[in-house]
2 protein chains.
Amino acid sequence: MAPEYKTADVSFDNLLRIFTVPEGPDSTLTRIEAELSRNLNLFLREHIVAEEKPLKEIEKDFSNPHIPEAPTFVSDHTQHLMDTLVAQSVHTASPSFIGHMTSALPYFLMPLSKIMIALNQNLVKIETSKAFTPLERQVLGMLHRLIYTQPDHFYQQWMHSADHSLGAFCSGGTVANITALWVARNNALKARDHFTGVEKEGLYKAMQHYGYQGLAILVSERGHYSLKKAADILGIGQDGLVAVRTDENNRLCPIDLQSKIQMLKAQRIHPFAVIGVAGTTETGHIDPLHDIARICRIEHCHFHVDAAWGGATLMSKTYRHLLDGIELADSVTIDAHKQLYIPMGAGMVLFKNPNAMKVIEHHAQYILRQGSKDLGSHTLEGSRSGMAMLVYASMHIISRAGYQLLIDQSIEKAKYFSSLIEQQPDFELVSQPELCLLTYRYLPKPVKNIRTTISLPEKTHLNQLLNELTKFIQKKQREMGKSFVSRTRLNPLSWEHLDTLVFRVVLANPLTTHDILQSILQEQRDIATTYAPLLLEQINQYCQQIATQ
Amino acid sequence: MAPEYKTADVSFDNLLRIFTVPEGPDSTLTRIEAELSRNLNLFLREHIVAEEKPLKEIEKDFSNPHIPEAPTFVSDHTQHLMDTLVAQSVHTASPSFIGHMTSALPYFLMPLSKIMIALNQNLVKIETSKAFTPLERQVLGMLHRLIYTQPDHFYQQWMHSADHSLGAFCSGGTVANITALWVARNNALKARDHFTGVEKEGLYKAMQHYGYQGLAILVSERGHYSLKKAADILGIGQDGLVAVRTDENNRLCPIDLQSKIQMLKAQRIHPFAVIGVAGTTETGHIDPLHDIARICRIEHCHFHVDAAWGGATLMSKTYRHLLDGIELADSVTIDAHKQLYIPMGAGMVLFKNPNAMKVIEHHAQYILRQGSKDLGSHTLEGSRSGMAMLVYASMHIISRAGYQLLIDQSIEKAKYFSSLIEQQPDFELVSQPELCLLTYRYLPKPVKNIRTTISLPEKTHLNQLLNELTKFIQKKQREMGKSFVSRTRLNPLSWEHLDTLVFRVVLANPLTTHDILQSILQEQRDIATTYAPLLLEQINQYCQQIATQ
């Protein structure tokens, strides 16, 4: 039995060993890692505690701000991590964890991730990444082609061009959206006459030069919260993020877009960018991209599509038509860590025009020299890991056809679940799935019977009680630890646009079965009747009272 | 022998298997991973090709923009990755790769990384990260205390407070710096009277309200290139990043800082932030932090310290005094993937005041609800991985004392190397190491003999030839693949501030020995004499010509 490596004695020779001597084959860490490799699902099921421990309790384990003075044995610390951290983490890969955009991951990505981390490349420059740089450029090329389907000679010309860029790989959709809007802002306020561009002179002088009283980005009221951050960071201000009305299907209303643009222009506010959402975070709907593109063309706005979540649908020949018009966008955000099944931390932004990113290009003496192919000259981030390798590998191992199968079955599962909900006497589907995301709530039978006939004040009161019930069920279900749906607030037409709390599910995990979906509904029903009898009684009585008026 | 998993047949059942069935124990991928775990250094040495292949050649392997239609076997693709990608990656962990800030990594981080990736937590919110959220808050608390050494009750009060934040974990120093300056900008232009703050109304209205003609960030001419990006993104403009003169030791000159601030104020340009660099990227020097802090206090500027690289020095009781004054900073950037020996993608920004980040706080309906402890309400990024776990583990396993040893030996190695260079008859030390970074160049003996006695035009001509030689040696050495130093351009006093190309080395890899350093010098000398005899001859002749005048 090989001795387990120990660091508890602080000497330089001992420290060197942590850089040169691997954990022994029988060490706690090696054993745990092997267990994980043998059966990841079992590992997660066995080591993550299902039932919720109050956050206050967990915080006690993580409350010491002192960096330990003396080292801990690797094995001891591993055990500590298993007990306090892993046990109290979230089983995001569980087939009944359908509340957020996480999913189970393909097995082959675990060992590949380890290789990636061991190589420890820094993608900011070729000197610390070499082949990873052309690889990342190829991945960007693949995604660009998936969206824009340019001919092969386009990619031959631009994919590896030092002075051009088809996009940027980044940590996620937020940075991708900020990058797109940064490029859009700088192109809208670029150098002209004696003005050297917003990137040089800043926003204040740019506004004076161009004679604008403000800048605006338009997006539907269902736009992602990160866009507010983007508007803040870029100096536009959150008030400059103008919300466009949506229709009953949560899709941007083109007529309202047009009138908002006119209204802004009348105030000398320049609407330099419009964002179409391809898969809203809350309901999964896709904006009318063709209509938006047409308006952007006429009004000379940058057209950005936030397809962080829905973009992967382009992999499916069955459903890619749902995103028709995306090829007209000036830029598109896609997250690989969502429906491309890559581990957390892989987003991309693609630009139709290989020259678009020139306005954010930057150089330095020791790296990113002019004419170099260093990726860092076009990214918001600096040092970055080689995550693109995982996207590249998945593209090859799963392939386009494999991704199509995954996408198709997710969407079909959502259709199944929506019809299952509609068949229930005591559930209400709030938003139909367009992709694999839908919202619904528990609606006691008496409410269902009277809901179409009651007055607005009655609806308002009833809706408040229902919101309380929805919140209660969602929290209780999470705490019980068997399954998880998330919740959000919508304003559905069927409830007179009242603030309505709903359950939200994302059915991207291929391991989620119909049986699981059935039992999630049953569990929610049981929670209502078992744990909220008083609230249920209150709702039923109010319904009776209305009915007998 | 267990059958290797195959995906080449696209059926949904087959696809499900990649989510449920691990690679077999005899699969190519398992074999390669095991090899890596057994001996990482050997794995890297054996699989990364040393000699440089032209980038043009590598690009040929990564030139196909088509996403494959049909799947590839995991084993086949793994082999493909080994041949085209791993073989052509950079051996950043090599003890003779001393040109950048990468280093060998402790062994235990490889299996821990795999656990982290398998858990696939999303730190944006507690619902997808649970214990990882308090863990990350503790890591931020530890770093905060390392810098600011507040009493324990401070951390009890603020570390886990829902409405406060001691900082943000992010992908790297660039995002950390942008976050610090974003906070500084928003605090400088905050809500007042009828003005609702720059985050709401944007920069243009903020400037009008406050009556400024511009904004400025001051930093020494050695500041990191990412600050230009920050000034651009934040709408300040790169012209608003004002370079302060440095002294002969590459340290910011306080008198010039003061006069630049006055000059800006006279133009009604508001200098809202000053950045002190604690370990410049090019020479490793630390700005006079106390002096900067004093000026910032008087002038009401936000004082940010960019200690992305040098911040880890605080772990050493021997050398932490070099960063004295950092505790006066309003915010500090530290990268864990530099001298804390964490894999790529781990940066942090810390704020002295737990209320500082309120001006960038943001909320959304489905996550980050008001009052939640979701980390995403104070980060530039959205979805993020659980990298903080690796910092936490390293703090415990290596400990403060262990980090001190690592830091101390790096600095002492740099002192050794600088004296070694000074002893050579044909090398010139260009910048003395303050931490473990130094610059130098090859200087043929005849130049060394006459350099103090010659005129400026002669120096200029000679320097041009020397720059050519330096560039040649650096590129040739990289291509030969045995060792790597980087190069940058400085303007040293001893060369009348002429543009001077130099070798730049960072001695953070604990596996780099004195022998290796000696042989790196010898290799550079050999390259000069063997591969650049004509250029050497030209330099020698010019020296002779000067001497005989």
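Note that the structure is predicted; figures quoted are calculated from it, not measured.

Rules used in this analysis
Residues numbered from 1 in each chain as written. Chains lettered and ligands numbered in written order. Predicted model: local features only at pLDDT ≥ 70, side-chain atom pairs only at ≥ 80, totals over all residues. Heavy atoms only, no water. Helix = DSSP H or I, 4+ residues; strand = E, 2+ residues; numbered from the N terminus. Rg over C-alpha atoms; globule rule 2.2 N^0.38 Å. Buried < 20%, exposed > 50% of the residue type's maximum accessible area, 1.4 Å probe, protein only. Contact = heavy atoms within 4.5 Å. Pairing = 2+ DSSP bridges. Axes fitted to C-alpha atoms, helices over the stretch in contact; angles between N-to-C directions. Salt bridge = Lys/Arg side-chain N within 4 Å of Asp/Glu carboxyl O. Polar contact = N/O pair within 3.5 Å; in protein donor to acceptor, adjacent residues only side chain to side chain. Nonpolar A, V, L, I, M, F, W, Y, C, P; charged D, E, K, R; others polar. Left-handed = near helix turned anticlockwise from the far one by under 90°. Least-squares fit on C-alpha atoms with pLDDT ≥ 70 in both. Core = buried A, V, L, I, M, F, W, Y, C linked by side-chain atoms within 4.5 Å. Right-handed = clockwise from strand over helix to strand, strands pointing away.

### Concerning the overall build of chain A
Reasoning step 1: Summing up its helical and strand segments, chain A has 19 helices and eleven strands in all.
Reasoning step 2: By the compact-globule yardstick of 24 Å for 549 residues, chain A fits well, its C-alpha radius of gyration being 26 Å.
Reasoning step 3: Taken along the three principal axes of its C-alpha coordinates, chain A extends 80 × 75 × 45 Å.
Reasoning step 4: Per-residue burial for chain A yields a buried fraction of 67% across its 549 residues.
Reasoning step 5: In chain A, the share of contacts with a sequence separation of at least 24, taken over all contacts with a separation of at least 6, comes to 70%.

### Here we look at the sheet that holds strand β6 (residues 331–335) of chain B
All names here are of chain B.
Reasoning step 1: Strand order in the open sheet formed by seven strands is β1-β7-β6-β5-β4-β2-β3, and the pairing between neighbours is mixed. The open sheet has two edge strands with one neighbour each: β1 (167–170) and β3 (241–244). Between one strand axis and the next, the sheet turns through 20 degrees on average, direction left out of account.
Reasoning step 2: Here four bridges tie strand β2 (residues 214–220) to β3, and the two strands are oriented parallel to one another. Bridged to Ile 217 within β3 is Leu 241.
Reasoning step 3: Docked against the sheet, helix α13 (residues 289–299) engages β4 (269–277) and β5 (302–306), running at close to 160 degrees with respect to β5.

### Thoughts on the interface of chain A and chain B
Reasoning step 1: At the interface, 174 residues of chain A touch 174 residues of chain B.
Reasoning step 2: Inspection of the region where chain A meets chain B yields ten salt bridges.
Reasoning step 3: Salt-bridge contacts for Glu 127 of chain A lead to Arg 478 of chain B; the nearest nitrogen and oxygen are separated by 3.8 Å.
Reasoning step 4: Counting across the interface, chain A meets chain B through 66 residue pairs in polar contact (both at pLDDT 80 or more).
Reasoning step 5: A per-class count over the side of chain A that touches chain B returns 86 nonpolar, 56 polar and 32 charged.

### Comments concerning the side chain of Thr 333 of chain B
Reasoning step 1: You can see Thr 333 of chain B is positioned in strand β6.
Reasoning step 2: Within the local environment of Thr 333 of chain B, its side chain forms a polar contact with the side chain of His 304 of chain B, the two groups lying 3.2 Å apart.

### Some remarks on the packing of helix α15 (residues 399–423) of chain A against helix α18 (residues 514–531) of chain A
All names here are of chain A.
Reasoning step 1: The N-to-C vectors of α15 and α18 enclose an angle of 35 degrees; their axes lie 11 Å apart at closest approach. By crossing handedness, the relation of α15 to α18 is classed as right-handed. For the pair formed by α15 and α18, the contact residues are Lys 413, Tyr 416, Phe 417, Leu 420 and Ile 421 on the first element and His 514, Leu 517, Gln 518 and Leu 521 on the second.
Reasoning step 2: Class assignment of the residues belonging to the contact of α15 with α18 gives a composition of six nonpolar, two polar and one charged.

### Some thoughts on the relation of the copies chain A and chain B
Reasoning step 1: Overlaying chain A on chain B yields an RMSD of 0.0 Å, the required transformation being a rotation through 180 degrees with an accompanying axial translation of 0.0 Å. The transformation just described matches what one would write down for a two-fold rotation axis.
Reasoning step 2: Most of the interface of chain A is mirrored in chain B, where 100% of its interface residues are also at the interface.

### Details of the nonpolar core
Reasoning step 1: One finds Phe 417 and Tyr 440 of chain A together with Phe 417 and Tyr 440 of chain B to be the most contacted residues of the largest nonpolar core, which totals 281 residues.
Reasoning step 2: Once residues within four sequence positions are removed from consideration, Phe 417 of chain A is found in contact with Leu 438, Tyr 440, Val 505, Leu 507, Leu 517 and Leu 521 of chain A.
Reasoning step 3: If you look at the next biggest cluster of nonpolar residues, it comprises 82 residues, including Val 198 and Val 277 of chain A together with Val 359 and Leu 380 of chain B.

### Regarding the pairing of β5 of chain B
Residue and element names in this part refer to chain B.
Reasoning step 1: For β5, the tally of buried residues reaches five of five residues, placing the bulk of the element in the interior.
Reasoning step 2: The alternating pattern of β5 places His 302, His 304 and Asp 306 and Phe 303 and Val 305 on opposite faces, both of which are buried.
Reasoning step 3: As for the winding sense of the linkage, the β-α-β connection from β4 through α13 to β5 is right-handed.
Reasoning step 4: With three bridges connecting them, β5 and β6 associate as parallel partners. Looking at β6, one finds that Val 305 is bridged to Val 332.

### Regarding the pattern of salt bridges
Reasoning step 1: Applying the stated criterion across every chain, the model contains 44 salt bridges over all chains.
Reasoning step 2: As a salt-bridge pair, Glu 52 of chain B and Arg 478 of chain B come within 3.1 Å of each other at their nearest N and O atoms. Of this pair, Glu 52 of chain B sits in the loop between α3 (40–47) and α4 (55–61) while Arg 478 of chain B sits in helix α17 (residues 456–480), and the two are 426 residues apart along the sequence.
Reasoning step 3: Judged by its relative accessible area of 28%, Glu 52 of chain B falls in the partly exposed class.
Reasoning step 4: Ionic pairing is found between Lys 338 of chain B and Asp 335 of chain B, a salt bridge with its closest N-O pair at 2.6 Å.
Reasoning step 5: Among the ionic contacts, a cluster of salt bridges with common partners joins Glu 33 and Lys 114 of chain A together with Glu 33 and Lys 114 of chain B.

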